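Fold and contact review
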Amino acid sequence: MNAVDFRVLAVVPCFNEQAAIATVVDETNRVKRRHGLNLDVLVVNDQSTDDSLAIIQTLECLYLNLPVNLGIGGAMHAGYKYAFRQGYDIAVQIDGDGQHPAGELLKILEPIFADKADVVIGSRFLERTGFQSTYVRRLGIRYFRWLNQLLIGTSIHDSTSGFRAFNRRTICITNSYYPDEYPEPESIVQFGLHKLRILEVPVVMRERQGGTSSITMVKSIYYMFKVTMATLFVYIRLQNKQRTHGIITDCHSDT
C-alpha cells in the first residue's frame, strides 16, 4: 500500500495555545500537501480560556470543543475515539504548543505505512539533536525508561514524548481506554501488555512556541510519584485480566 491509501488523522490537543496553534495546523497542512498525504487535522480544544478557539475556527482543520477541561489524556482520548468512529487507519499526535515540527511527521508515519510497528514514538534522545528538555525532566524520563524495562521488558528512551503514531489496531485499543492527565508513560505499559509492536525513531523537536508547560519544577517529584502509581495500577489491572481472560486486542477490546 502507498501512503495515500492510509487515512491519517493528526490529533492536536490544545489548551491555551493561541500563540502557536495556527502555525502547528498550517505546517501540518503544508506537509500534507507536499507529500500527498490523505490526512486530516483535528484540533481538540480542551476548554481554553484564551483566544485559541476563535483562532481554531479560522483554520483549515476539523475541531472538537470539549465541554469541560479533561487534561491532555482526556483530550487525546476524545481524538482517538473520533479516529476510531470515523474509520481512520492511523492517528498521530502533534502537540499544539509547536514542539513537534510537522517536517518530522513522515519519520513516525513511515513505519506504520510499512507495517513495521503498531506504535511509533518520536524520540529526542536516540540521536540527541534538537531541544533536549530540562535536566530534571531528563532524569524523570530515564526513571520511566527503567520502569518500562522492569514491567514490560521494553526500553523506551523518550517515554514522555507525545509525538507518536498509532495504527488501526492501536486506535481500537485507545478507543476503549487511554490514560488521563499524564498518559504518555502509562500508555507504554498498556501497549506492551497488549503485545503491540512499539518502535522509537529519532526526531528533532523544538522548545514550546507558546503557552506554559503543565509540569513545573515543583510538580516534578509529585508527577513521578503519581505516574508511577498510575502505571503500576495499569500493569496490575492488565496482568489480572490477562490471567483470567487473556488480552483482547480487537476493536471491541477494553483494558
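Scope of this entry: the structure provided in the associated data block. Predicted model only: the values in this text are computed from it and were never measured.

Looking now at the overall build of the chain. Across its full length, the chain carries 8 helices and 7 strands. For the chain, buried positions account for 51% of its 255 residues. Within the chain, residue pairs in contact and separated by at least 24 positions form 75% of the contacts whose partners lie at least 6 positions apart.

On to the sheet that holds strand 5 (residues 119-123). Overall, mixed pairing links the 7 strands, which are arranged 3-2-1-4-6-5-7 in an open sheet. The open sheet has two edge strands with one neighbour each: strand 3 (62-65) and strand 7 (198-202). Taking each pair of neighbouring strands and ignoring which way they run, the sheet shows an average axis angle of 20°. Inspection of the sheet shows strand 5 paired to strand 7 by 5 bridges, in the parallel sense. Residue pairing for strand 7: G122 is matched across the bridge by V201. The sheet strands contacting helix 1 (residues 21-35) are strand 1 (8-14) and strand 2 (39-45), and the helix crosses strand 2 at an angle near 165°.

In the Ramachandran plot, N16 falls in the positive-phi region, its phi being about 55° despite a non-glycine side chain. Along the chain, N16 falls in the loop between strand 1 and helix 1. N16 gets classed as partly exposed once you look at its relative accessible area, which sits at 22%. Unusually for a residue other than glycine, Q47 sits at a positive phi of about 55°. The topology assignment puts Q47 in the loop between strand 2 and helix 2 (52-56). Look at Q47 and you get partly exposed, because its relative accessible area is 30%.

Attention now goes to the nonpolar core. Note on soluble globular proteins: their nonpolar side chains tend to be buried together. Ranked by size, the top nonpolar core spans 37 residues in total, and within it V44, V119, F166, V189, F191 and I198 carry the most contacts. With 6 residues, helix 3 (residues 71-85) is the largest single contributor of residues to this core. In contact with F166, not counting residues within four places along its chain, are Y80, D89, I90, A91, I112, D118, V119, I171, T174, Y178 and F191. If you look at the next biggest cluster of nonpolar residues, it comprises 33 residues, including A10, V24, A117 and V203.

Attention now moves to the packing of aromatic side chains. The final tally for this structure, using the stated rule, is 8 aromatic pairs. Taken together, a centroid distance of 5.0 Å and an interplanar angle of 35° make the contact between Y80 and F166 tilted. Placement of the pair is Y80 in helix 3 and F166 in strand 6 (residues 164-166), with a sequence separation of 86 residues. Neither Y80 nor F166 differs from the other in exposure class; each is buried. The rings of Y80, F166, Y178 and F191 are connected pair by pair, giving a single aromatic cluster.

For helix 1, built from 15 residues, the straight-helix expectation of 21 Å at 1.5 Å per residue is met to within 8% by its first-to-last C-alpha distance of 21 Å. For helix 1, every residue scored as buried is listed here: I21, V24, V25, E27, T28, N29 and V31. Buried residues along helix 1 sit against strand 1, strand 2, helix 2 and helix 4 (105-113). In the segment just after helix 1, G36 is the residue with positive phi, at about 65°.

Once that is clear, we can look at the pattern of salt bridges. One side chain can pair with another of opposite charge once the charged atoms of both are near each other. For the structure on display, the rule yields 7 salt bridges. The residue E27 makes a salt bridge to R206 at a minimum N-O spacing of 3.2 Å. On the criterion of sequence distance, the pair formed by E27 in helix 1 and R206 in the loop between strand 7 and helix 8 (220-244) is long-range, its members being 179 residues apart. Relative accessible area serves as the criterion here: at 18%, E27 is assigned to the buried category. Its relative accessible area of 29% is what places R206 among the partly exposed residues.

Scoring rules and cut-offs
Residues numbered from 1 in each chain as written. Predicted model: local features only at pLDDT ≥ 70, side-chain atom pairs only at ≥ 80, totals over all residues. Heavy atoms only, no water. Helix = DSSP H or I, 4+ residues; strand = E, 2+ residues; numbered from the N terminus. Buried < 20%, exposed > 50% of the residue type's maximum accessible area, 1.4 Å probe, protein only. Contact = heavy atoms within 4.5 Å. Pairing = 2+ DSSP bridges. Axes fitted to C-alpha atoms, helices over the stretch in contact; angles between N-to-C directions. Core = buried A, V, L, I, M, F, W, Y, C linked by side-chain atoms within 4.5 Å. Phe/Tyr/Trp six-rings, centres within 6.5 Å; stacked < 30°, edge-to-face > 60°. Expected span 1.5 Å × (residues − 1). Salt bridge = Lys/Arg side-chain N within 4 Å of Asp/Glu carboxyl O.

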